[in-house]
Number of protein chains: 2
Amino acid sequence: MKKNSRLSAVLHALMHMAERDAPMTSDDLALCLDTNAVVVRRTMAGLRDAGIVQSGRGHGGGWVFARPLAEISLLDIYHALGEPIVFQIGPATESPGCVVEQSVNRVVGDALKDAEAILMARFAQTRLSDLAADFGAAAKARRALTDTG
Amino acid sequence: MKKNSRLSAVLHALMHMAERDAPMTSDDLALCLDTNAVVVRRTMAGLRDAGIVQSGRGHGGGWVFARPLAEISLLDIYHALGEPIVFQIGPATESPGCVVEQSVNRVVGDALKDAEAILMARFAQTRLSDLAADFGAAAKARRALTDTG
DNA sequence: CGGATTCGTAACATTTGTTGTTACATGAAA
DNA sequence: TTTCATGTAACAACAAATGTTACGAATCCG
């Protein structure tokens, strides 16, 4: 299956936004992500609804953060994207009648659930400011948002 | 996209095999799994190549275990299936030129890698005999294979 | 006001992976 | 030799993510 790259894509976009003070248009971001402006809007829509970013129309419009980077976790982003499916592997039947299949689903499902919990915990404790620091944009990001927030 | 259910499907099939002493044909298993015999053969092929099961043709043929259930881990099965992709979420670009994207990929990739390691560890420590015990087929399974192994 | 800019969104095409199906060859047992 | 069963290739059906086009709505600037 094709992988769902919305999480990585949106993080990439947000980090480019963090490098700038001014709003970035969907076309700007589409260039950064090597994709289409419509795809950018589609992906960012969830973040806007979640109050993570804001969009403005017309001249001087575009995308800006609605909160300081230190107050946005990867888990916030993940949820704002509609909680994309984490695992590609899964049961053949959700509610099987066969007790054997029920047993298999329970054992494998528990393992997947635990792994997912680990992942979510990691996402929860990682902030956008950490990500920005990772490539040396920490200072810029702080100047751009923490002061105003 | 559709989920990859081969792991669950093959475990379901193996547990039905564990309930019986006699070989089960692909048609038998296809009935259990509510699918097609060709799909069963296709999926089981990896397990046969890995020496986990054996297939026999002609009258009285079908699928049997090649090792005791206690000596087969879920990780063995997972590898035998060609290590299906675990995560549906992933990076947009594998080897990006953009340093920002590299940073994002590293952070998200590390989190995914850790979660995958947790999952693999769980798979490694879970044997088919554990699975069989989970639905009360432990006695049967032991009678069928541990004695002969 | 009018034009340029930019987001919002629906509709459709493209791509890719999984699963289902058909057809036929190969091997083994009765 | 007939029947049963696997091995495998080829193709169809289906689903999900992404790319593309088109058009509407809001905003800014002159």
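Residues numbered from 1 in each chain as written. Chains lettered and ligands numbered in written order. Predicted model: local features only at pLDDT ≥ 70, side-chain atom pairs only at ≥ 80, totals over all residues. Heavy atoms only, no water.

You'll find chain A entered in an unreviewed UniProt entry as BadM/Rrf2 family transcriptional regulator, with Rhizobium subbaraonis given as the organism.

### So, the packing of aromatic side chains
Residues and elements named next belong to chain A. The final tally for this structure, using the stated rule, is 3 aromatic pairs over all chains. Pairing Y78 with F123 gives two aromatic rings, centres 6.2 Å apart and planes at 50°, and the pair type is tilted. Note that Y78 is positioned in helix α4 (residues 74-80) and F123 in helix α5 (residues 99-125), a separation of 45 residues in sequence. In terms of burial, Y78 and F123 fall into one category: buried. (Phe/Tyr/Trp six-rings, centres within 6.5 Å; stacked < 30°, edge-to-face > 60°. Helix = DSSP H or I, 4+ residues; strand = E, 2+ residues; numbered from the N terminus. Buried < 20%, exposed > 50% of the residue type's maximum accessible area, 1.4 Å probe, protein only.)

### Some words on the relation of the copies chain B and chain A
The pair of chain copies shares a relation made of a rotation about an axis and a shift along it. Between chain B and chain A, the superposition needs a rotation of 180° and an axial shift of 0.0 Å, giving an RMSD of 0.1 Å. When the rotation and shift are considered jointly, the pair of chain copies conforms to a two-fold rotation axis. A share of 100% of interface residues in chain B that are also interface residues in chain A marks the association as one of identical surfaces. (Least-squares fit on C-alpha atoms with pLDDT ≥ 70 in both. Contact = heavy atoms within 4.5 Å.)

### Brief notes about the pairing of strand β1 (residues 53-56) of chain B
Residue and element names in this part refer to chain B. The pairing of β1 with strand β2 (residues 62-65) spans 4 bridges and is classified as antiparallel. When the bridges of β2 are listed, V53 appears paired with F65. If you look at the hairpin formed by β1 and β2, you'll find 5 residues sitting between the two strands, and G58 has a positive phi there, around 70°. (Pairing = 2+ DSSP bridges.)

### Describing the side chain of H16 of chain B
Turning to its location among the elements, H16 of chain B is positioned in helix α1 (residues 6-18). H16 of chain B gets classed as buried once you look at its relative accessible area, which sits at 13%. Within the local environment of H16 of chain B, its side chain forms a polar contact with the side chain of H12 of chain B, the two groups lying 2.9 Å apart. Leave out the neighbours within four places in its chain, and H16 of chain B touches C98 and V100 of chain A together with M24 and C32 of chain B. (Polar contact = N/O pair within 3.5 Å; in protein donor to acceptor, adjacent residues only side chain to side chain.)

### Remarks on the environment of L75 of chain A
All names here are of chain A. With respect to the helices and strands, the residue L75 is situated in helix α4. Overall, the relative accessible area of 17% leaves L75 in the buried class. Beyond its immediate chain neighbours, meaning those up to four positions away, L75 contacts M120, F123 and A124.

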